[in-house]
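If you want the building blocks of each chain, they are given just below.
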Amino acid sequence: MPTYVVLYTLTEQARKEINNIADRMDQAKARAETTGVKVIGNYVTLGAYDLVTIVEAPDDETIARGSAAILERGNVASTTMRAFTADEWRRATKT
């Protein structure tokens, strides 16, 4: 199943309740999994992004549906990247 790395920045709305971020991450995980996205890991991070989530989804449509379920609450903005294992990359670039 394809792997995706999702980088999140908190909105001003979410920053007002920063102490509840761990609970919100658990809620977001449950919401994403109802859309067919499997959450591998959720992390609070320091630096340019506030959160990083590693997920698996069967296809781009499923990850889009999962992302929409998270984004519609207005607490985060996100950047989603497809991640390839070394073997997946070898297969993808084999000529």
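See the structure printed just above.
Residues numbered from 1 in each chain as written. Predicted model: local features only at pLDDT ≥ 70, side-chain atom pairs only at ≥ 80, totals over all residues. Heavy atoms only, no water.

With respect to the environment of Gly36
Under the convention used in this document: Helix numbers and strand numbers start at the N terminus; a helix is a DSSP run of H or I with at least 4 residues, a strand a run of E with at least 2. Every residue pair with non-hydrogen atoms within 4.5 Å of one another is taken to be in contact.
You can see Gly36 is positioned in the loop between α2 (21-33) and β2 (38-44). Taking the C-alpha atoms as reference, Gly36 lies 16 Å from Thr80; in sequence the two are 44 residues apart. What Gly36 contacts, discounting residues up to four positions off in sequence, is Glu56, Ala57, Pro58 and Thr62.

Structural notes on the sheet that holds strand β3 (residues 51-56)
Spelled out, the test is: A pair of strands is treated as paired once DSSP finds two or more bridges between them. Note on definitions: angles span 0 to 180 degrees between N-to-C directions of axes, and those axes are lines fitted to C-alpha atoms, for helices only across the stretch in contact.
Taken together, four strands build an open sheet; the order of strands is β2-β3-β1-β4 and the sheet is antiparallel. Taken across any chain shown, the strands that pair with only one partner, and hence form the sheet edges, are β2 and β4 (76-83). Looking at each pair of strands side by side, their axes are set apart by 20 degrees on average, direction ignored. Sheet topology places strand β1 (residues 3-10) next to β3; six bridges connect them, and they run antiparallel. In the sheet register, Tyr4 faces β3, and the bridge partner there is Val55. Each of β1, β2 and β3 touches α2; the most contacted strand, β2, lies at about 165 degrees to it.

With respect to the packing of aromatic side chains
Heads up, the condition is: Two rings from Phe, Tyr or Trp (for Trp, the six-membered ring) form a pair when their centres are within 6.5 Å of each other. A pair whose planes differ by under 30 degrees is stacked, one over 60 is edge-to-face, and the rest are tilted. Geometrically, a charge over a ring is one whose NZ (Lys) or CZ (Arg) sits within 6 Å of the ring centre while staying within 35 degrees of the ring normal.
Following the criterion strictly, the structure yields one aromatic pair and no others. Where Phe84 meets Trp89, the ring centres are 5.6 Å apart and the plane angle is 70 degrees; that geometry is what we call edge-to-face. Between Arg82 and the ring centre of Phe84, over which it is positioned, the NZ or CZ distance is 4.2 Å.

Considerations on the pairing of β3
Bridge count for β2 against β3 is six bridges, and the pairing is antiparallel. Residue pairing for β3: Lys38 is matched across the bridge by Glu56. Connecting β2 to the next strand, β3, in antiparallel fashion are six residues, including Gly47 with a positive phi near 120 degrees.

Regarding helix α3 (residues 60-71)
This is how the line gets drawn: Any helix carries an expected span of 1.5 Å times its number of residues minus one. We call a residue buried when its accessible area falls under 20% of the maximum for its residue type, exposed when it is over 50%, and partly exposed in between, using a 1.4 Å probe and counting protein chains only. It is the directions from the helix axis to the C-beta atoms that the arc portrays. In protein, a polar contact requires one atom able to donate a hydrogen and another able to accept it; more generally it is a pair of N or O atoms within 3.5 Å, and residues adjacent in sequence count only if both atoms are side-chain atoms.
Given a rise of 1.5 Å per residue, 12 residues ought to cover 16 Å, and the 16 Å separating the end C-alpha atoms of α3 matches this to within 8%. Within α3 the residues assigned to the buried category are Thr62, Ile63, Gly66, Ser67, Ala69 and Ile70. Seen from one end, α3 has its buried residues packed into an arc of 155 degrees, which puts them on one side. Structural note: α3 exposes Asp60 and Glu61 on the side pointing more than 90 degrees away from its buried face. In this structure Asp59 caps α3, since a side-chain oxygen of it lies 3.3 Å from the backbone nitrogen of Glu61.

Some remarks on the pattern of salt bridges
What counts is decided by this rule: Criterion for a salt bridge: a side-chain nitrogen of Lys or Arg within 4 Å of a carboxyl oxygen of Asp or Glu.
In the structure shown here, the tally under the stated rule is four salt bridges. As a salt-bridge pair, Arg15 and Glu12 come within 3.4 Å of each other at their nearest N and O atoms. Pair noted here: Arg15 and Glu12 are both in helix α1 (residues 12-15), with a separation of three residues, about one helical turn. Close ionic contact of Arg24 with Glu17 constitutes a salt bridge, the shortest N to O distance being 2.7 Å. Relative accessible area serves as the criterion here: at 24%, Arg24 is assigned to the partly exposed category.

So, to be careful, I would describe these as geometric facts and stop short of saying anything about function.
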